[in-house]
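# Fold and geometry: a report
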Amino acid sequence: MEAPQYVAARVQAALAEDGRTHELGIRVDVRGDQLFLRGQVSGAEQRERLGQVAREAAPGLHVHNEVNVVEVNRPLEDEHLD
């Protein structure tokens, strides 16, 4: 069986390099046959894509997608720098 830190590194590399995700700030933890994704993204679709890429990169593990979706709002008014 592959060491957990190698599985986590492989999944993190997949999340960073896959054209569907390109995410660098997601934490990956492996405990036994459980894989946990943690972090924040700006949309629900991106969160789902992260889970999909992780399942493909570690097919024998049960993926727990604990990534939070944060709402990004546009500023109400323009910022003026003097």
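See the structure printed just above.
Residues numbered from 1 in each chain as written. Predicted model: local features only at pLDDT ≥ 70, side-chain atom pairs only at ≥ 80, totals over all residues. Heavy atoms only, no water.

## A look at helix H2 (residues 44-57)
Its 14 residues place the ends of H2 20 Å apart at the C-alpha level, agreeing with the 20 Å of an ideal helix rising 1.5 Å per residue. For H2, the complete set of buried residues consists of Gln46, Leu50, Gly51, Val53, Ala54 and Ala57. For H2, the angular spread of the buried residues around the axis is 165°, confining them to a single face. Lining the buried residues of H2 we find helix H1 (4-17), strand S2 (34-41) and strand S3 (62-69). (Helix = DSSP H or I, 4+ residues; strand = E, 2+ residues; numbered from the N terminus. Expected span 1.5 Å × (residues − 1). Buried < 20%, exposed > 50% of the residue type's maximum accessible area, 1.4 Å probe, protein only. Arc of directions from axis to C-beta. Contact = heavy atoms within 4.5 Å.)

## A short note on unusual backbone geometry
Notably, His22 is not glycine yet its phi reads approximately 50°, a positive angle. Within the secondary structure layout, His22 lies in the loop between H1 and strand S1 (27-31). By relative accessible area, which is 52% here, His22 ends up exposed.

## Comments concerning the side chain of Thr21
As for its position among the elements, Thr21 is in the loop between H1 and S1. Within the structure, Thr21 has its side chain in polar contact with the backbone oxygen of Leu15 (distance 2.6 Å). (Polar contact = N/O pair within 3.5 Å; in protein donor to acceptor, adjacent residues only side chain to side chain.)

Worth remembering: the numbers are spatial, not functional.
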